[in-house]
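Next come the chains, spelled out residue by residue.
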Amino acid sequence: MEIDEDSLLAEQISYYRARAPEYDRVYAEREDLRKLVALAGDLPVAGDVLELACGTGQWTGPLAARARSLTAVDASPEVLGIARARVTSSNVRFDRADVFRWQPPRRYDTVFFAFFLSHVPPSRLGDFWNTVAAALAPGGKAVFVDEGPAAAAREEVASDVRRLDDGSQYRIVKVLHEPAELTGELAALGWLADIRPRGEFIIGIAEPRSVPVA
Ligand SMILES: C[S@@+](CC[C@H](N)C(=O)[O-])C[C@H]1O[C@@H](n2cnc3c(N)ncnc32)[C@H](O)[C@@H]1O
């Protein structure tokens, strides 16, 4: 049965809304994830920063420490509530937005997203990267981290069905991008990307090669 993509993306948002109180557990449990966040200081994050799908703000504080300003957006008011309590820096603002139905109101020096690209359906990859391009100032960079193919062995990461503590079940999108393949897909979309594996994760830095198509 073909699943209607709009309802799948709505269910993905519902999943993260319901998961908000459980979300930070994965950061408490996984040392490799905490080490990855600690790498935020080495990433090329600078100036006015846009963080897409900020979740509970695990990355927001470390990013804000390197930013002139940071605007963090997410579709879930529940995770935004946790992020607002976690990150109180005066250079940070939080906004609720569905990035698949949103146009950036201004341009930023860095657009960052952690563990969101794998939730973008292949059919929306081009539109998503056009939104990122529209959010970047000239010379700006997109920086992202995500699970890579090495995470495929973990059922709880690779599965497109997720369960919460109360037993409720949700369908989500999960695409584990292989770095060389994603580099090629991004090149076809007009991006120059450097994407590297790091343990089970991938870290990517991408720059538009041309002015984005309106
Ligand atoms: C795997 S979590 C990543 C959160 C955070 N970046 C991190 O690394 O901890 C995915 C996030 O995407 C958000 N999200 C899902 N669909 C979204 C959409 N259409 N627009 C904006 N955010 C969305 C969820 O609410 C959730 O916070």
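Analysis parameters
- Residues numbered from 1 in each chain as written.
- Predicted model: local features only at pLDDT ≥ 70, side-chain atom pairs only at ≥ 80, totals over all residues.
- Heavy atoms only, no water.
- 1 Å grid on protein atoms, 1.4 Å probe; cavity = no way out; pocket = protein on both sides within 12 Å on 5 of 7 lines; lining within 4 Å.
- Points joined across faces, edges and corners; volume = space filled by probe spheres on them.
- Helix = DSSP H or I, 4+ residues; strand = E, 2+ residues; numbered from the N terminus.
- Near = heavy atom within 4 Å.
- Polar contact = N/O pair within 3.5 Å; in protein donor to acceptor, adjacent residues only side chain to side chain.
- Areas by Shrake-Rupley, 256 points an atom, 1.4 Å probe, with all protein chains shown as cover.
- Sits in = over half its atoms within 2 Å of the grid points.
- Nonpolar A, V, L, I, M, F, W, Y, C, P; charged D, E, K, R; others polar.
- Contact = heavy atoms within 4.5 Å.
- Buried < 20%, exposed > 50% of the residue type's maximum accessible area, 1.4 Å probe, protein only.
- Arc of directions from axis to C-beta.
- Pairing = 2+ DSSP bridges.
- Axes fitted to C-alpha atoms, helices over the stretch in contact; angles between N-to-C directions.

Student: Explain the layout of surface pockets to me, and be specific about the residues and the numbers.
Tutor: Here the largest pocket is characterised by a volume of approximately 960 Å³. As for the largest pocket, its lining consists of 46 residues, of which Y15, Y16, R19, Y23 and R162 are closest to the centre. Taken together, the elements giving at least two residues each to the lining of the largest pocket come down to helix 1 (5–23), helix 2 (25–29), strand 2 (69–74), helix 7 (155–158) and strand 6 (161–163). Counting residues per element, the lining of the largest pocket draws most heavily on helix 1, at eight residues.

Student: How would you summarise the site of the ligand if you had to cite specific residues and measurements?
Tutor: In the region of the ligand, 20 residues are neighbours, and Y23, Y27, A53, D74 and D98 sit closest. A distance of 3.4 Å separates an oxygen atom of the ligand from a polar side-chain atom of W59. Separating a nitrogen atom of the ligand from a side-chain N or O atom of D98 is a distance of 2.8 Å. Burial of the ligand by the protein amounts to 98% of the accessible area it has alone, namely 590 Å². When each cavity is represented as a set of grid points, the ligand is found to reside in the largest pocket. Tallying contributions element by element places helix 1 first for the shell around the ligand, with three residues. Of the residues belonging to the shell around the ligand, the class tally is 15 nonpolar, three polar and two charged.

Student: I'd like to hear about the side chain of R30, residue by residue, with values.
Tutor: With respect to the helices and strands, the residue R30 is situated in the loop between helix 2 and helix 3 (31–38). Separated by 3.2 Å, the side chains of R30 and E200 make a polar contact. Look past the residues within four positions of R30 in its chain and what remains in contact with it is R154, V157, E200 and F201.

Student: How would you sum up helix 5 (residues 77–86)? Please name residues and give values.
Tutor: Listing the buried residues of helix 5 in full gives V79, L80 and A83. Projected down its long axis, helix 5 shows its buried positions confined to an angular sector of 100°, all on one face. Contact partners of the buried residues in helix 5: helix 1, strand 2 and strand 3 (92–96).

Student: Go over unusual backbone geometry, please, and point to the residues and values.
Tutor: Excluding glycine, residues mostly carry a negative phi; peptide bonds, for their part, are mostly trans. You will see that A53, though not glycine, has its phi angle at about 55°, which is positive. With respect to the secondary-structure elements, A53 resides in the loop between strand 1 (48–52) and helix 4 (60–64). The class of A53 is buried, set by a relative accessible area of 18%. If you check the backbone angles, F115 has positive phi at about 55° while not being a glycine. Residue placement: F115 occurs in the loop between strand 4 (108–114) and helix 6 (125–135).

Student: Before we move on, could you go through the pairing of strand 8 (residues 191–198) and cite the residues and values that matter?
Tutor: With eight bridges joining them, strand 8 and strand 9 (residues 201–208) adopt antiparallel strand pairing. Counted as the bridge partner of R198 is F201 from strand 9. Linking strand 8 back to strand 9 in an antiparallel pair, the connection comprises two residues, with G199 at a positive phi of about 60°.

Student: Break down the sheet that holds strand 1 for me, citing the residues and quoting the values.
Tutor: Spatial ordering of the open sheet is given by 3-2-1-4-5-9-8, a layout of seven strands whose pairing is mixed. Both outer strands of the open sheet, strand 3 and strand 8, are each paired with one neighbouring strand and no more. Across the sheet, the mean angle separating the axes of adjacent strands is 15° when strand polarity is ignored. As defined by bridge partners, strand 1 adjoins strand 4 across four bridges and the pair is classed as parallel. Counterpart to V49 in the pairing with strand 4 is T110. The sheet contacts of helix 5 involve strand 2 and strand 3, and relative to strand 3 the element is tilted by about 170°.

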